[in-house]
Amino acid sequence: MPAPLHQERRDATPGGASPAGADRAETAARLAVVVGRINRRIRAVGEGLTQAQLSALSSIVRKGPLRPGDLARIESVAAPSATRVVAELESRGLIEREPDPADGRSSLVSATNAGQAAVRAARAERAKRISVLLAGLDDDELATVVAALDALEIVAVHVPLPPGAEADRAE
């Protein structure tokens with residue numbers, strides 16, 4: 001009887017290297033691929049939003065109120081792109097603008113209750129999709145994922161990136 005697909009992949013690990021002996025560059029490359037694949041599989045877009053709109057809205061919910069230029073930096077997009085996203089989110093009633101008291105030429109954007117609800121709904125949908133993926137793991141594999149969460153949370157939140165690298169993308 002053939003081994004389950006996840007068993008074949010585990011057995012295919014070069015040399016069966018333990019995490020302690022794993023090459024950091026190879027680990028980084030594998031993690032980047034895995035995170036990208038999982039992200040594509042669980043992508044949930046609420047309220048008919050694009051990924052860019054949902055990412056921007058999540059940033060506004062998490063860090064707002066923000067100037068559109070600050071949002072552009074957080075999202076790693078050009079100012080005109082951020083302006084278009086802000087206009088679309090505002091037209092849907094998901095954010096609101098108010099004059100920036102520190103700079104009359106700019107405005108601050110904040111999430112409305114509907115915008116906050118849209119982000120919560122999208123996160124819940126992503127969690128549901130992850131649950132489906134985790135259901136395909138056996139108990140030992142799930143325990144391994146659970147054990148890795150503390151380290152991944154540290155990397156996601158506390159380990160600083162080198163200067164110039166963007167770390168504030170929406171979750």
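Described below are features of the structure shown in this document. Given the structure is predicted, the values throughout are model-derived calculations rather than measurements. (Residues numbered from 1 in each chain as written. Predicted model: local features only at pLDDT ≥ 70, side-chain atom pairs only at ≥ 80, totals over all residues. Heavy atoms only, no water.)

Within the protein chain, the secondary structure is distributed over seven helices and two strands. Mapped from its N terminus to its C terminus, the protein chain presents α and β elements in the order α-α-α-α-α-β-β-α-α. Once local pairs closer than 6 in sequence are excluded, the contacts in the protein chain between residues at least 24 apart make up 59%. Per element, the accessible surface of the protein chain, about 11500 Å² overall, is 58% carbon and sulfur. (Helix = DSSP H or I, 4+ residues; strand = E, 2+ residues; numbered from the N terminus. Contact = heavy atoms within 4.5 Å. Areas by Shrake-Rupley, 256 points an atom, 1.4 Å probe, with all protein chains shown as cover.)

In summary, the side chains of a regular strand alternate between the two faces of the sheet. Across six bridges, the pairing between strand β1 (residues 95-100) and strand β2 (residues 103-111) is antiparallel. Its bridge partner lying in β2, Ile95 is registered against Ala111. As consecutive antiparallel partners, β1 and β2 are separated by two residues. (Pairing = 2+ DSSP bridges.)

What follows is about a nonpolar patch on the surface. Residues Leu31, Val35, Ile130, Leu134, Leu142, Val145, Val146, Leu149 and Leu152 make up a contiguous nonpolar surface patch of roughly 660 Å² in combined accessible area. Element by element, the count of residues in the nonpolar patch is highest for helix α7 (residues 139-157), at five residues. One can find Ile130 in helix α6 (residues 113-134). (Patch = residues over 30% accessible without salt bridge, like charges linked within 9 Å, V, L, I, M, F, W, Y side chains within 5 Å. Salt bridge = Lys/Arg side-chain N within 4 Å of Asp/Glu carboxyl O.)

Here the focus is the pattern of salt bridges. Pairs can form between side chains of opposite charge once their charged atoms are near each other. The tally for this structure, following the rule as stated, stands at eight salt bridges. For Arg92, the salt bridge identified is with Glu88, shortest N-O distance 2.7 Å. Note that Arg129 and Glu125 form a salt bridge whose closest N and O atoms lie 2.9 Å from each other. Highlighted residues: Arg129 and Glu125, both in helix α6, separated by four residues, approximately one helical turn. Overall, Arg129 belongs to the partly exposed group, its relative accessible area being 32%. (Buried < 20%, exposed > 50% of the residue type's maximum accessible area, 1.4 Å probe, protein only.)

What follows deals with the packing of helix α3 (residues 51-63) against α6. It is the contact of α3 with α6, at a shortest axis distance of 10 Å, that shows an interaxial angle of 115°. By crossing handedness, the relation of α3 to α6 is classed as left-handed. The segment α3 lies against α6, with Leu54, Leu57, Ser58 and Val61 engaging Gly115, Gln116, Ala118, Val119, Ala122 and Arg123. Partitioning the contact of α3 with α6 into residue classes produces six nonpolar, three polar and one charged. (Axes fitted to C-alpha atoms, helices over the stretch in contact; angles between N-to-C directions. Left-handed = near helix turned anticlockwise from the far one by under 90°. Nonpolar A, V, L, I, M, F, W, Y, C, P; charged D, E, K, R; others polar.)

The omega torsion across Gly64 and Pro65 is -5°, close enough to zero to call that bond cis. Along the polypeptide, Pro65 turns up in the loop between α3 and α4 (68-75). In the Ramachandran plot, Ser76 falls in the positive-phi region, its phi being about 55° despite a non-glycine side chain. By the secondary structure assignment, Ser76 is in the loop between α4 and α5 (79-91).

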